[in-house]
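Notes for the structure review
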Amino acid sequence: MKASIIITTYDRPVFLERAVASVLGQKTDFQFEIIIIDDNGLGSDPQKKTESIIPKNLNIIYFPLKINSGACKARNRGAELAKGEFLFFLDDDDEFLPNKLHEQITFLEHNIEYDGCLAAFQRIGQNGNEILADSNYPVVGDFKNFVLRGNFFTPMLCIRKISFFKSGGFIDIPRFQDRFYMMNALKQGFRFATLQKQLHIMYEHCEDRITSKSLNQTKMAISQINAWVNQYLEEFSEAECEEMKYNGLRTTAVTRYNALSRIVRISSSISFFKLFLIKKRKSDFLLIIKSLIK
């Protein structure tokens, strides 16, 4: 088996059908399997509904978790079940473009010095229009570069299964599991290439709105990541430490900006104003205005 595509799902069977179809439609001669990890909780109505729409296909493994366990544990469980030499991860509301598997597997087979590679993606907004942004493209480099300016979303990744397990897999934190995984892997010496080809589609929709619960999760995750990075502060200059602090504050500000509550969204203007005073960046100034009228 050449590849295993792990799809974790939680209460989104309609989106899941599209995700699965995008993998089944891959244009490649590589043999692959699809592992669907259902995180709804065994016996729940969403779990039963999800199971009912899974296509009958010998290459699809459906595995419902007994209880809701979160994305990290679900992805790690999928990796444990995988028979493929290479692992891919797909969110249930996104989809792979037809050449995703072939492009990334071929690259790694010809570049054996890398443990994995990341590819860019297309971002589609709620109105169906494509969103053009620098964050649609992966940025890795070495450990320091990634901490300061890295960009990684899990569906970008193709990784050798042996490397994934050696790296320890995903660490269970409330948010930013992909970023924390990459930090840990790079610190251990694993190497990742970046491909600027867009090989999957990320959809934005109303479910992306941040609730008070997820805002708290953001703060907790940033705190955990900062505590971990603080072990290696001697590797960073004073200016780089200030940059890390700025990045953490901006992540929280952006989370507020995307909040479900309009009051919280408006409050993000104060955060962006403080950030503007630090760096005088035009992007922060524009978000002050946007947060007030959004």
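In the block above lies the structure referred to throughout.
Residues numbered from 1 in each chain as written. Predicted model: local features only at pLDDT ≥ 70, side-chain atom pairs only at ≥ 80, totals over all residues. Heavy atoms only, no water.

Bringing the overall build of the protein into the picture now. Helices and strands together make up the secondary structure of the protein, namely 11 helices and 9 strands. At 19 Å, the protein has a C-alpha radius of gyration in line with the 19 Å of a compact globule built from 294 residues. Projected onto its principal axes, the C-alpha positions of the protein cover 55 × 45 × 35 Å. Sorting the 294 residues of the protein into buried and exposed places 48% on the buried side. (Helix = DSSP H or I, 4+ residues; strand = E, 2+ residues; numbered from the N terminus. Rg over C-alpha atoms; globule rule 2.2 N^0.38 Å. Buried < 20%, exposed > 50% of the residue type's maximum accessible area, 1.4 Å probe, protein only.)

One finds Met-183 and Phe-192 to be the most contacted residues of the largest nonpolar core, which totals 40 residues. Listed in part, the 27 residues of the second largest apolar core include Phe-30, Phe-88, Cys-117 and Ala-193. (Core = buried A, V, L, I, M, F, W, Y, C linked by side-chain atoms within 4.5 Å.)

This brings us to the pairing of strand E3 (residues 60-64). Of the pairings in the sheet, the one linking strand E2 (residues 32-38) to E3 comprises 5 bridges and is parallel in character. Residue pairing across strands places Ile-35 opposite Ile-61, the latter belonging to E3. With respect to chirality, the unit in which E2 leads through helix H2 (residues 45-52) into the neighbouring parallel E3 is right-handed. (Pairing = 2+ DSSP bridges. Right-handed = clockwise from strand over helix to strand, strands pointing away.)

Before going further, it helps to examine the pairing of strand E9 (residues 192-203). Where strand E5 (residues 95-96) meets E9, 2 bridges bridge the pair, whose relative direction is antiparallel. Bridge assignment links Phe-96 to a residue of E9, and that residue is His-200. Bridging between strand E6 (residues 116-124) and E9 involves 9 bridges; their strand directions are parallel. Bridge pairing links Ala-119 to Leu-195 in E9.

With that settled, the discussion passes to the packing of aromatic side chains. Under the defined criterion, the tally for this structure stands at 16 aromatic pairs. Their ring planes at 40° and their centres at 5.1 Å tell us that Phe-170 and Tyr-181 sit as a pair that is tilted. Taken together, the positions of Phe-170 in the loop between helix H6 (161-167) and helix H7 (177-187) and Tyr-181 in helix H7 put the pair 11 residues apart, joining distant regions of the chain. Across the pair, exposure class does not vary: Phe-170 and Tyr-181 are buried alike. One residue, Lys-100, lies across the ring of Phe-96, its end atom 5.2 Å from the ring centre. Sitting over the ring of Tyr-114, Arg-191 keeps its end group 5.0 Å from the ring centre. (Phe/Tyr/Trp six-rings, centres within 6.5 Å; stacked < 30°, edge-to-face > 60°. Lys NZ or Arg CZ within 6 Å of the ring centre and 35° of its normal.)

The next subject is the side chain of Thr-8. Locating Thr-8 in the fold gives a position in strand E1 (residues 3-9). Discounting residues that sit within four places of it in the chain, Thr-8 has contacts with Ile-37, Ala-74, Arg-75, Leu-90, Asp-91 and Asp-92. (Contact = heavy atoms within 4.5 Å.)

With that settled, consider the environment of Phe-89. Relative to the helices and strands, Phe-89 is located in strand E4 (residues 86-91). On the accessibility criterion, Phe-89 (1% relative accessible area) is buried. Between the C-alpha atom of Phe-89 and that of Asn-99, which follows or precedes it by 10 residues, the distance is 15 Å. With near-sequence residues (within four places) excluded, Phe-89 lies in contact with Ile-6, Arg-75, Phe-96, Thr-154, Pro-155, Leu-157, Ile-159, Phe-164 and Phe-170.

On to the packing of helix H9 (residues 238-257) against helix H11 (residues 282-293), then. Direction vectors running N to C along H9 and H11 enclose 25°, while the axes themselves pass 11 Å from each other. By the angle class used here, H9 and H11 are roughly parallel. Our pair here, H9 against H11, has a crossing hand that is left-handed. When H9 is examined against H11, the residues Tyr-246, Arg-250 and Tyr-257 are found in contact with a partner set consisting of Ser-283, Asp-284, Leu-287, Lys-290 and Ser-291. (Axes fitted to C-alpha atoms, helices over the stretch in contact; angles between N-to-C directions. Parallel < 35°, antiparallel > 145°, perpendicular 65-115°, else oblique. Left-handed = near helix turned anticlockwise from the far one by under 90°.)

All right, on to a nonpolar patch on the surface then. A cluster of nonpolar side chains, Phe-285, Leu-286, Ile-289, Leu-292 and Ile-293, forms an exposed patch at the surface whose accessible area comes to about 470 Å². In this structure, Leu-292 sits in helix H11. (Patch = residues over 30% accessible without salt bridge, like charges linked within 9 Å, V, L, I, M, F, W, Y side chains within 5 Å. Areas by Shrake-Rupley, 256 points an atom, 1.4 Å probe, with all protein chains shown as cover. Salt bridge = Lys/Arg side-chain N within 4 Å of Asp/Glu carboxyl O.)

Attention now moves to the pattern of salt bridges. The final tally for this structure, using the stated rule, is 13 salt bridges. A salt bridge links Lys-197 to Glu-103; its shortest N-O distance comes to 2.9 Å. With a gap of 94 residues between them, Lys-197 in strand E9 and Glu-103 in helix H4 (residues 100-110) connect regions that are remote in the sequence. With a relative accessible area of 23%, Glu-103 lands in the partly exposed category. For Glu-240, the salt bridge goes to Lys-144, with nearest N and O atoms at 3.1 Å. Placement of the pair is Glu-240 in helix H9 and Lys-144 in helix H5 (residues 143-149), with a sequence separation of 96 residues. Look at Lys-144 and you get partly exposed, because its relative accessible area is 27%. Through salt bridges that share partners, Lys-2, Glu-85 and Glu-109 make up one connected network.

Keep in mind these values describe shape, not function.
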